Amino acid sequence: MTTPPAIRIDNLVKRYAGAKGEEGKLALKGVSFDVPQGEIFGLLGPNGAGKSTLINILAGLVMKTSGSADIWGFDIDASPRNAKRSIGIVPQEIVFDPFFTPFEVLENQAGFYGVPKAQRRSAELLEAVHLSDKRDAYARTLSGGMKRRLLVAKAMVHAPPILVLDEPTAGVDVELRRQLWELVTRLNREGVTVVLTTHYLEEAEQLCDRIAIINHGELIANKPTRELVGMMGEKVVEITVDRDLAAPPAHAAFKKSVKKGDRTVEITYDKEAITAGQVLGLVQDMGLVIEDVTTREADLEDVFVQLTGA
Ligand code: ADP
Ligand code: MG
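Please read these numbers as outputs of a predicted model, since none were measured by experiment.

About the criteria used
- Residues numbered from 1 in each chain as written.
- Chains lettered and ligands numbered in written order.
- Predicted model: local features only at pLDDT ≥ 70, side-chain atom pairs only at ≥ 80, totals over all residues.
- Heavy atoms only, no water.
- Helix = DSSP H or I, 4+ residues; strand = E, 2+ residues; numbered from the N terminus.
- Buried < 20%, exposed > 50% of the residue type's maximum accessible area, 1.4 Å probe, protein only.
- 1 Å grid on protein atoms, 1.4 Å probe; cavity = no way out; pocket = protein on both sides within 12 Å on 5 of 7 lines; lining within 4 Å.
- Points joined across faces, edges and corners; volume = space filled by probe spheres on them.
- Nonpolar A, V, L, I, M, F, W, Y, C, P; charged D, E, K, R; others polar.
- Expected span 1.5 Å × (residues − 1).
- Arc of directions from axis to C-beta.
- Salt bridge = Lys/Arg side-chain N within 4 Å of Asp/Glu carboxyl O.
- Phe/Tyr/Trp six-rings, centres within 6.5 Å; stacked < 30°, edge-to-face > 60°.
- Lys NZ or Arg CZ within 6 Å of the ring centre and 35° of its normal.
- Pairing = 2+ DSSP bridges.
- Axes fitted to C-alpha atoms, helices over the stretch in contact; angles between N-to-C directions.
- Contact = heavy atoms within 4.5 Å.

Caption draft 1: Broad picture of the environment of A252. Relative to the helices and strands, A252 resides in the loop between strand 11 (234-241) and strand 12 (256-259). We classify A252 as exposed; its relative accessible area is 83%. Spatially, the C-alpha atom of A252 lies 25 Å from that of L307, the residues being 55 residues apart in sequence.

Caption draft 2: View of the environment of A250. Examined against the element boundaries, A250 turns out to sit in the loop between strand 11 and strand 12. Separated by 183 residues in the primary sequence, A250 and G67 place their C-alpha atoms 50 Å from one another.

Caption draft 3: Focus on empty space enclosed by the protein. Applying the stated criterion across every chain yields a total of one cavity of 30 Å³ or more. Approximately 30 Å³ is the volume found for the largest cavity. Lining the largest cavity are I7, I9, F33, V35, L43, L54, I55, L58 and V195. If you list the elements that add at least two residues to the lining of the largest cavity, you get strand 1 (7-15), strand 2 (26-35) and helix 1 (51-58). For the lining of the largest cavity, a count of residues per class yields nine nonpolar, no polar and no charged.

Caption draft 4: Expanded view of helix 6 (residues 174-189). Counted at 1.5 Å a residue, the expected span for helix 6 with its 16 residues is 22 Å, and the 22 Å between its end C-alpha atoms agrees. Among all positions in helix 6, only L176, R177, L180, W181, L183, V184, L187 and N188 are buried. In a view along the axis of helix 6, the buried residues occupy a sector of 160°, so they form one face of it. Residues of helix 6 that are exposed and angled more than 90 degrees away from the buried face: V174 and R189. Directly beyond the C-terminal end of helix 6, a positive phi value near 110° is found at G191.

Caption draft 5: Inspection of the pattern of salt bridges at higher detail. Scanning the model with the defined rule gives 15 salt bridges in all. For D244, the salt bridge identified is with R263, shortest N-O distance 3.0 Å. With D244 in the loop between strand 11 and strand 12 and R263 in the loop between strand 12 and strand 13 (264-270), this residue pair connects regions lying 19 residues apart in the sequence.

Caption draft 6: Spatial organisation of the packing of aromatic side chains. Inspection of the entire model under this criterion finds three aromatic pairs. With a centroid separation of 5.3 Å and an interplanar angle of 5°, the aromatic rings of F33 and F41 are classed as stacked. One Lys or Arg, R135, reaches over the ring of F103 and ends 3.8 Å from the middle of that ring.

Caption draft 7: Structural context of the sheet that holds strand 7 (residues 162-166). Strand order in the open sheet formed by six strands is 6-7-8-3-9-10, with mixed pairing between adjacent strands. A single partner strand is all that each edge strand has here, and the edge strands are strand 6 (87-90) and strand 10 (218-224). Between one strand and the next, the sheet's axes are offset by a mean angle of 15°, whatever the strand orientation. Pairing of strand 3 (residues 40-44) with strand 8 (residues 193-198), which is carried by five bridges, proceeds in the parallel orientation. The residue bridging L44 from the neighbouring strand is T198, located in strand 8. The sheet contacts of helix 6 involve strand 3, strand 7 and strand 8, and relative to strand 8 the element is tilted by about 150°.

Caption draft 8: Layout of the pairing of strand 12. Where strand 12 meets strand 13, four bridges bridge the pair, whose relative direction is antiparallel. Across the sheet, the residue bridging to K259 is V265, located in strand 13. Count of turn residues in the strand 12/strand 13 antiparallel hairpin: four residues.

Structural measurements only, silent on function.
So this is what it looks like as structure tokens:
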């Protein structure tokens, strides 16, 4: 038997209401994908792609236009309460009542979810997000990073099997980012399925088991991270030679050869088929003297640019 997905999204469409007499923005154009249980799932896409819209539909904050979604097997229309209990969401925007303390924020949220006093774990959650010493401080006195961590704790008060973070590291410093990822990785190891949206491709590449990419409200990729990166089995070498080039050096072993300047050429090659050394050797065999070389690995950024044409 296969494990059912943590989240199933089927042909989700969202058109926002437009101004009077105008068509509203079509933010999701029929998006379908599953989030497998136990994974860290990355939802990537440029600004305005529809990531927050999708997450806010799951959170019950935005009404979908059509399509369906299940959270932990609960249809968001037929079983909205169970669906909501199964997911904890860290929204993109930070909002707190400034006059509550972190401990109270968590207690209030637990109360909102009907978690009995005996089962609450506010102190433990504050510990987990390194905020025990701020337990009784007013939320307004917390730094941006502390607020972000408090939001993660707040999303976890009802011990949901799924945690969703919408751009948790946008505008966050390096140290906090590291702490946040440590926390996310730990929760995931403890069995929590994690969905996160991010702009930081490198981060997604390191953290996520699987990555889906959306652009203009459409899903354009959904693959295990390794496969997505592997899709670009190509490497790029930029070579500067000792004289002006009439044409870029061509060879059957090069996938692409493009002049970048009078003496500079960018050669793309398949790293499974040929090495950088062999590429340089072939160029030298054409009678050119190489004065400078840089190579780089294709990364998610390349995949992203290739897929979105951005
Ligand atoms: P992302 O989170 O990927 O940056 P969003 O889901 O926030 O993208 O936005 C997707 C598109 O929907 C954008 O064009 C945005 O301007 C539009 N949009 C988002 N929220 C609203 C809203 N409340 N009303 C109208 N349009 C909206
Ligand atoms: Mg967003």
